Amino acid sequence: MSFDGVMFDLDGTLLDTLADIAAAGNHMLTTLGLPPRPVADYRYLAGQGAPWLVEHALGSEHQHLAEEGLRLLKAYQMVHGLDRTVLYSGISELLDDLAARELSMAVLSNKPHPATLKAVEQKLGRWHFQAIQGHSPGGPLKPDPAAALAIAEATGISPQRWLYVGDTRVDILTAKAAGMFAVGVLWGFRDEPELREAGADMIITHPREISELLSRSAGRIQSR
């Protein structure tokens, strides 16, 4: 199988946003008069959308604060959501390689759509992404494959010819449900057992392994 496109999750895959996600979550909590959570908690609170993060950060006894909490979280993220965010090591080189190969690139995130667009523009603006999609109110969240399939349709690339790259169970389930090749990364927020249990087709420790996979795939096609 050869691939024509690479679809990326954002937080924990392209960008190390953990400190900023934790800062936004703890701003929400302390503004509401609640104690902050350790940064490590946000490895598991992130990845399933802002409403899910707010609900689980607040806990069952504070669900009456969820609407205000979500407003606070989103407002903080739009102003300070990239204060500490950096690209993971090796991502710049990977994206340069994908651009040189003239492969389509896309970003699909459960982060709110405006914050997703801002993050890509400010931190990844030197590369061209054919599609950038975050979560919009009322729209499907990953692992629902609808958004991934819509990107495939809009770009004219069949799902089977996409690599989908992400760091959580949600990402792997999205890729599998969409019929894409699921690559789990270990530099992000979660660990290998979670990715393996979710059914990742490949688990990698460095972005260069994506380039190596693409080269092997191209080599097999050329040798036929």
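The structure this text deals with has already been given above.
Everything in this summary refers to the structure shown in the same document. (Residues numbered from 1 in each chain as written. Predicted model: local features only at pLDDT ≥ 70, side-chain atom pairs only at ≥ 80, totals over all residues. Heavy atoms only, no water.)

Bringing the environment of Pro114 into the picture now. The residue Pro114 is located in helix α6 (residues 113-123) in this model. The exposure class assigned to Pro114 is partly exposed, which follows from its relative accessible area of 49%. Sequence-wise, Pro114 and Leu98 are 16 residues apart; in three dimensions their C-alpha atoms are separated by 25 Å. (Helix = DSSP H or I, 4+ residues; strand = E, 2+ residues; numbered from the N terminus. Buried < 20%, exposed > 50% of the residue type's maximum accessible area, 1.4 Å probe, protein only.)

On to the sheet that holds strand β6 (residues 162-166). Read from one edge to the other, the open sheet built from six strands follows the order β5-β4-β1-β6-β7-β8, with strand pairing classed as parallel. The sheet is open, and its two edges are formed by β5 (131-135) and β8 (202-204), each paired on a single side. The average angle at which neighbouring strand axes cross in this sheet is 20°, direction not considered. Taken together, the three bridges between strand β7 (residues 181-185) and β8 define a ladder with parallel strand orientation. Bridging across to β8, Gly184 finds its partner in Ile203. Against the sheet, helix α7 (residues 146-155) touches β1 (5-8), β4 (104-112), β5 and β6, its axis set at about 150° to β4. (Pairing = 2+ DSSP bridges. Axes fitted to C-alpha atoms, helices over the stretch in contact; angles between N-to-C directions. Contact = heavy atoms within 4.5 Å.)

Here we come to the side chain of Thr13. Turning to its location among the elements, Thr13 is positioned in the loop between β1 and β2 (15-16). When its relative accessible area of 1% is taken as the criterion, Thr13 is described as buried. Only 3.0 Å separates the side chain of Thr13 from the side chain of Asp9, close enough to count as a polar contact. Here Asp167 takes part through its side chain, which lies 3.3 Å from a polar atom of the side chain of Thr13. (Polar contact = N/O pair within 3.5 Å; in protein donor to acceptor, adjacent residues only side chain to side chain.)

Most peptide bonds are trans, and most residues other than glycine sit at a negative phi. Pro143 follows Lys142 through a cis peptide bond whose omega is 15°. Tracing the backbone through its elements, the reader meets Pro143 in the loop between β5 and α7. The backbone of Glu102 sits at a positive phi, close to 60°, despite the residue not being glycine. Residue placement: Glu102 occurs in the loop between α5 (91-100) and β4. Relative accessible area serves as the criterion here: at 72%, Glu102 is assigned to the exposed category.

Turning to helix α4 (residues 66-80), a few remarks are in order. Between the first and last C-alpha of α4 there are 20 Å, a value that for 15 residues agrees with the 21 Å anticipated at 1.5 Å per step. Residues of α4 that are buried include every one of Gly69, Leu72, Leu73, Tyr76 and Gln77, and no others. Projected down its long axis, α4 carries its buried residues within an arc of 125°, all on one side. Those residues of α4 that are exposed and aimed more than 90 degrees away from the buried face are Glu67 and Val79. (Expected span 1.5 Å × (residues − 1). Arc of directions from axis to C-beta.)

Our next topic: α7. Taken as a whole, α7 has its buried residues at Ala147, Ala148, Ile151 and Ala152. Across the axial projection of α7, the buried residues extend over an arc of 145°, all falling on one side. Residues of α7 that are exposed and point more than 90 degrees away from the buried face comprise Glu153 and Ala154. At its buried positions, α7 is contacted by β1, β4, β5, β6 and α8 (169-178). Once α7 ends, the next one or two residues include Gly156, with phi positive near 75°.

It is the contact of helix α3 (residues 50-58) with α4, at a shortest axis distance of 9 Å, that shows an interaxial angle of 120°. It follows from the interaxial angle that α3 and α4 lie oblique. The interaxial crossing formed by α3 with α4 has right-handed handedness. Of the residues in α4, those in contact with Ala50, Pro51, Leu53, Val54 and Leu58 of α3 are Ala66, Gly69, Leu70, Leu73 and Lys74. Partitioned by chemical class, the residues of the contact of α3 with α4 number eight nonpolar, one polar and one charged. (Parallel < 35°, antiparallel > 145°, perpendicular 65-115°, else oblique. Left-handed = near helix turned anticlockwise from the far one by under 90°. Nonpolar A, V, L, I, M, F, W, Y, C, P; charged D, E, K, R; others polar.)

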